[in-house]
Amino acid sequence: MFTLREKESVKLILTDTNFIDNKDSIRNYLNRIDEARKERILSNKLIEDKKRLTAAGLLLDYMCKEEEVSQPVFGKEKHGKLFLTNREDVKFNVSHSGKYAVCAYGRYEVGVDIQEKRVTSESMVARFLNQIEMEELPEDLSQRISKVNRLWCIKESFIKLIGLGLLYNMHDCIVELEKG
């Protein structure tokens, strides 16, 4: 189990995308976003994707201001995890889904995931839950959806933390949720 020592913390910032009204408002924020993300925003066709990417970029901008990174330079590790090339002491991870974006950061590697609550096909569920987790899913559809989404976020956060992304076999990660 990992415990944080005094003065060692992970900061979590979250936003919704409601403040981004349209393509014009996206353009107003582009000067605060790194070039690679800016290209992804501009090349994306769907306005909702543009809004999520913009919101995540603004969270990274906020993080950099908080951590006094005046000219952030982002790089990508072998499996795609972002890092700051000019501030190795700042570790972070971002996620976005639905109308939300989140960024977690601190001095230690971190993984974070956010997932819009949705129905997932049984074949997809079977690809990331192991047999034990599958057997423990509730029969009630609403409870089942909640638990599947929760397990997905926990596993996704873990594999982002270790920097392997979806290359990691999620069956190898067993999550035991406490009752209550």
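Asker: Would you mind going over the overall build of the chain in detail, with residue names and values included?
Answerer: For the chain, the helix and strand inventory stands at six helices and five strands. Going residue by residue from the N terminus, the α and β elements of the chain occur as β-α-α-α-β-β-β-β-α-α-α. Computed over C-alpha atoms, the radius of gyration of the chain comes to 18 Å, within 12% of the 16 Å expected from 2.2 N^0.38 for 180 residues, which places it in the range of a compact globule. When the backbone C-alpha atoms are referred to their principal axes, the chain occupies close to 50 × 40 × 30 Å. Residues classed as buried in the chain amount to 42% of the 180 residues present. Sequence-distant contacts in the chain: of pairs separated by 6 or more residues, those separated by 24 or more amount to 51%. In the form shown here, the chain has an accessible surface area of approximately 11,400 Å², with 51% of it arising from carbon and sulfur atoms. Across the chain, the centroid of the 30 positively charged side chains sits 4 Å from that of the 30 negatively charged ones.

Asker: I'd like a rundown of the pattern of salt bridges, residues and numbers included.
Answerer: Side-chain pairing between opposite charges can occur once the charged atoms of the two side chains come close. Within this structure, the stated rule accounts for 15 salt bridges. Residue Lys 38 is joined to Glu 35 by a salt bridge in which the shortest nitrogen-to-oxygen separation is 3.0 Å. Highlighted residues: Lys 38 and Glu 35, both in helix 2 (residues 35-43), separated by three residues, approximately one helical turn. Residue Glu 35 is classed as exposed on the basis of its relative accessible area of 51%. The partner of Lys 65 in a salt bridge is Asp 61, and the shortest N-O contact between them spans 2.8 Å. With Lys 65 and Asp 61 both in helix 3 (residues 47-66) and four residues apart, the pair spans about one turn of that helix.

Asker: Now, about the pairing of strand 4 (residues 91-97): what can you tell me, with residues and values included?
Answerer: Counted residue by residue, strand 4 has five buried out of seven residues, so it is predominantly covered. Relative to strand 5 (residues 100-106), strand 4 runs antiparallel, the two being bridged by seven bridges. Bridge pairing links Val 94 to Cys 103 in strand 5. In this antiparallel pair of consecutive strands, strand 4 and strand 5, the connection spans two residues, and Gly 98 shows a positive phi of 60 degrees.

Asker: Describe the nonpolar core, naming the residues involved and giving the relevant values.
Answerer: Soluble globular proteins: nonpolar side chains tend toward being buried together. Counting 22 residues, the largest nonpolar core has Ile 41, Leu 60, Met 63, Leu 84, Phe 92, Cys 103 and Tyr 105 as its most contacted members. Contributions of two or more residues to this core are made by helix 3, strand 4 and strand 5. Looking at this core, the element that brings in the most residues is helix 3, giving eight residues. Each residue touching Leu 60, except ones within four places of it in the same chain, is listed here: Arg 37, Phe 74, Phe 92, Val 94 and Cys 103. Phe 128, Leu 129, Leu 137 and Cys 173 belong to the second-largest nonpolar core, a separate cluster that totals 11 residues.

Asker: Just give me the short version of the state of the cysteines, but keep the residues and values in it.
Answerer: Under the counting rule described, the total for this entry stands at zero disulfides. Looking at the unpaired Cys 64, the closest cysteine sulfur is the one in Cys 103, lying at 8.4 Å. Taking relative accessible area as the criterion, Cys 64 reaches 4% and is therefore assigned buried. Free of any disulfide, Cys 153 has its nearest cysteine sulfur in Cys 173, 13 Å distant.

Asker: Before we move on, can you summarise empty space enclosed by the protein with the specific residues and values?
Answerer: Tallying each qualifying case throughout the model produces one cavity of 30 Å³ or more. The space that makes up the largest cavity amounts to roughly 40 Å³. Lining the largest cavity, in full, are Glu 77, Lys 81, Leu 82, Phe 83, Leu 84, Val 90, Lys 91, Phe 92 and Glu 109. Taken together, the elements giving at least two residues each to the lining of the largest cavity come down to strand 3 (82-84) and strand 4. Considering every element that reaches the lining of the largest cavity, the biggest residue donor is strand 3, with three residues.

Conventions and cut-offs
- Throughout, residues of each chain are indexed from 1 in the direction in which the sequence is written.
- In keeping with the model being predicted, local features are shown solely for residues with a pLDDT of at least 70 and side-chain atom pairs are shown and tallied solely at 80 or more, while totals for entire chains, interfaces and linings include all residues.
- The side-chain numbers reported here are obtained from all heavy atoms of the structure, hydrogens and water having been left aside.
- By the criteria applied, helices consist of DSSP H or I runs no shorter than four residues and strands consist of E runs no shorter than two, each listed in order from the N terminus.
- Just to be clear, the radius of gyration here is over C-alpha atoms, and the globule rule we use is 2.2 Å times residues to the power 0.38.
- Exposure classes here rest on a 1.4 Å probe applied to the protein chains alone. A residue is buried below 20% of its type maximum, exposed above 50%, and partly exposed in between.
- Residues are treated as being in contact if the distance between any of their heavy atoms lies within 4.5 Å.
- Here, Shrake-Rupley sampling with a 1.4 Å probe gives the accessible areas, and only protein chains in the shown set may cover a residue.
- Lys and Arg are tallied as positive, Asp and Glu as negative. Neither His nor the chain termini are counted.
- By convention, the point assigned to a charge is CZ for Arg, NZ for Lys, CD for Glu and CG for Asp.
- Whenever Lys or Arg places a side-chain nitrogen within 4 Å of a carboxyl oxygen from Asp or Glu, that contact is recorded as a salt bridge.
- Here, strands pair whenever DSSP counts at least two bridges between them.
- What is meant by a nonpolar core is a set of buried Ala, Val, Leu, Ile, Met, Phe, Trp, Tyr and Cys residues, joined one to another through side-chain atoms within 4.5 Å.
- Two cysteine sulfurs form what is called a disulfide whenever their separation falls within 2.5 Å.
- Here a cavity means grid points, on a 1 Å grid over the protein atoms only, where a 1.4 Å probe fits yet cannot get out; a pocket means an open set of points with protein on both sides within 12 Å along at least five of seven lines; lining residues are those with an atom within 4 Å of a point.
- Grid points are joined across faces, edges and corners, and a volume is the space filled by probe spheres set on the points.

Fair warning: the whole summary comes from geometry, so function is off the table for now.
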